[in-house]
Every structure is written in structure tokens, then in C-alpha cells.
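Structural description and commentary
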Amino acid sequence: MEKNKMLKVLSELNGVPGNETQVKNFLAKELEEVCDTVTYDKIGSVIGKIVGKEEGPRIMIAGHMDEIGFMVTQITKGGYLKVLPLGGWWGQVVLAQQVTVTTSEGKEYRGVIGSKPPHILTPEEVKKPTDIKNIFIDLGVDDKEAVEALGVQIGDMVTPYIEFTEMANPDYLLGKAWDNRIGCLVALDVAKNLKNEEHNNVVYAVGTVQEEVGLRGAGTTANIVNPDVAIAVDVTIATDIPGGDDTCKFGEGPQILVYDGGLVGHRGLRAKMLEVAKKHDIPVQLGHLRRGGTDAGRMSLAHDGAPSVSLCIPSRYIHSHTSMIHRKDYENCVKLVTELVKELDKESVDKLTY
Ligand code: ZN
């Protein structure tokens, strides 16, 4: 599949925590073409295995398949849907946005998150963002019976609706769910690259579930893989915007987190990655997240532990309907992980473990 098509498809697939099937099916099919085996945990994650050397170190590269969204909790008499957030949403970014409601049968309906115009807001309401508890979805039907006739039920998934778009500079890519379909795509691309390369490791390209609600698929898959080295590929927050501090810039390479809410990045693995980046002339940034973590936090604690890092693609406007990434950061991320795997072997991985 052509590169842009791949980005579009992955961005536009719908999958909230606990409902990642669309993404899992797609990813599994792609992995099957390049991996020695494709297996699963019991909660929906997918694990592609590429054997470079049978007894070599186990290197786990994981992207989470879930995106932030909502779950239907109530259908009101008037035919509106009440929802609960899956993942971290802020009231300021949700109003008047379009969504897709997917039924258990797989039917999809367009909805809009209702908003009040300024004319009828109270002075208090004007001052603060909407409480997520108060939002509702309008499917454009008459009443509760009409909603039920569509097959919509409590527990159904609600995802942002927006089409993948190349911006004026076609390296700037707008879409939903870059957090973290881009991480899934990096894991897949690395698997594809390694198909034709010699290396001394057993590589696991993994799509995890339920990251946004507590790194759950990372836990189950890391228990299966028992990694010697683990890399979570995810997104981080680009700060090259008005009011930002410019410490994380678009187009200047993936960012290795030295610290996040769930992990102190492994120093030895980080040093190795920086060495590989330098050798191959791959731009890379160093950064941190005071709050919020990635799957790396959980993978680092599997069994007796694994040197782990969060490797993140700078992204603008994450945890909203519409986010943006830079194509070069994605490409350099794939390059960095591929070259890292090629440089690792039993001896160098042993040296990482202190
Ligand atoms: Zn993420």
C-alpha cells in the first residue's frame, strides 16, 4: 500500500480502548506478510515476531492501537447520547465537533457534540471550559426510539470524525488518532525493513490495547514477550507553537523522553540510541513529560525488568479531534529504530543492563 494511503487508513480506522478490533485486524494482516509468526494476547493486542537470530536478545517495539474517544452511557428520551470519556479529554476542545458512533454490529453514524451559542450562555459558563460530564451527542434523529432503531446501545464506541489531510506543506499531516496510529505504523515499518536485513535479535512488533486507560495491553504483551529491550513508540507534545517553549520542534526528529509520568528513561539504552542516531545522521531530540506516560513504563517492569525508552513523534494538538505530525519525524523514527535493531546483539544488550 502506498505510504500516504497507509497513513490515511491508520488515522481513519476507529478504535477506542477496549474496542481496537478494526486496527488490530488491519495491523495483523500487514504483519502477517513480513513476520515469522503473528500471535495475540487475550485482550486484543497483536504481536508480530521477526527472528534474526534464534537465541538473540528479544527487542520489543510497541505502538498502542487505541485512540482517545468516548463510550455511550445513556440514550436520552429526546434521542441524545450521553457519553463517558475514554482517555484524557479537556472540555475546551470537544464542543461542536463531529464524531462517528459505531454500533456493536459495525454500523457507523455521524454525530455532533452539541454546543450552546454565546447568546444563551450564563456569565459563569462563558468563563470556564465545559465539564465533560455535561456533553451530549446529537445523531440527528427524533427520539430515543429512533436511536435504538439504528442499533445504538450503551457501551458503543464514539470516535472523532476528521479526514486525513496533507497541509500546505505536504510534510505536515493533519488527522485524528496520530496518538497512536503513527506508533503502530512505525512498529510495522520497522518489521518490514527487517524482513530483508540481517540482524542478531528476535524482534517483536507489537500493537497494544488500552494504553489510554492504563497501559493494559503493554502489560499483557510484555509478559508474553519478556523483552530484553523495550521501546514504546508514541507521540509527544510539539511545543513550537505560540506560547510554547520550543523545546520540542516539528521536523527535527523523534524525541527520546528522558523522563515521563511512568518511566525514567533507561540511560544505557538512550546513550546507545543517540550513538546510532549520530552514526547514521538521524536527527533526534531529547525531552521530557512531567505528566502522562507511555507503554514503556509498563514494559520496563515485565518479569525482571527491561531497559526501556519512550520514543515519541512530536505532535501538535494531541488529545483533541485534530492533530498534526511531521512526515520527516515519522520517517526518521522508523530509520532510528531499524538501525538500532541492526546494531544491537547479545553483547551490546548485556552491556546495557546494569
Ligand atoms: Zn499515546
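Owing to the predicted nature of the structure, the values given are computational and were not obtained by experimental measurement. (Residues numbered from 1 in each chain as written. Predicted model: local features only at pLDDT ≥ 70, side-chain atom pairs only at ≥ 80, totals over all residues. Heavy atoms only, no water.)

**Here we look at the pairing of strand S18 (residues 323-326)**
Put simply, the rule is: Residue burial is assigned from relative accessible area. The probe radius is 1.4 Å, only protein chains are included, and a residue is buried under 20% of its type maximum, exposed over 50%, and partly exposed in between. Labels follow the DSSP assignment, with helices taken as runs of H or I lasting at least four residues and strands as runs of E lasting at least two, numbered in each case from the N terminus. Strands are treated as partners if at least two bridges between them are detected by DSSP.
Residues of S18 alternate between two faces, with Ser323 and Ile325 on one and Met324 and His326 on the opposite face, all of them buried. The pairing of strand S11 (residues 172-175) with S18 spans four bridges and is classified as antiparallel. Counted as the bridge partner of Leu174 is Met324 from S18. Pairing of strand S17 (residues 308-316) with S18, which is carried by two bridges, proceeds in the antiparallel orientation.

**Looking at the pattern of salt bridges**
The criterion, for reference: Between Lys or Arg on one side and Asp or Glu on the other, a salt bridge is scored when a side-chain nitrogen of the former is within 4 Å of a carboxyl oxygen of the latter.
Per the stated rule, a full pass over the model turns up 17 salt bridges. With a shortest N-O distance of 2.9 Å, Lys116 and Glu125 are connected by a salt bridge. Salt-bridge contacts for Asp171 lead to Arg327; the nearest nitrogen and oxygen are separated by 3.1 Å. Pair noted here: Asp171 is in the loop between strand S10 (165-166) and S11 and Arg327 is in helix H9 (residues 327-343), with a separation of 156 residues, a long-range link. The two residues Asp171 and Arg327 agree in class, both being buried. Taken together, the shared-partner salt bridges in this structure form one network comprising Glu166, Asp171, Arg327 and Lys328.

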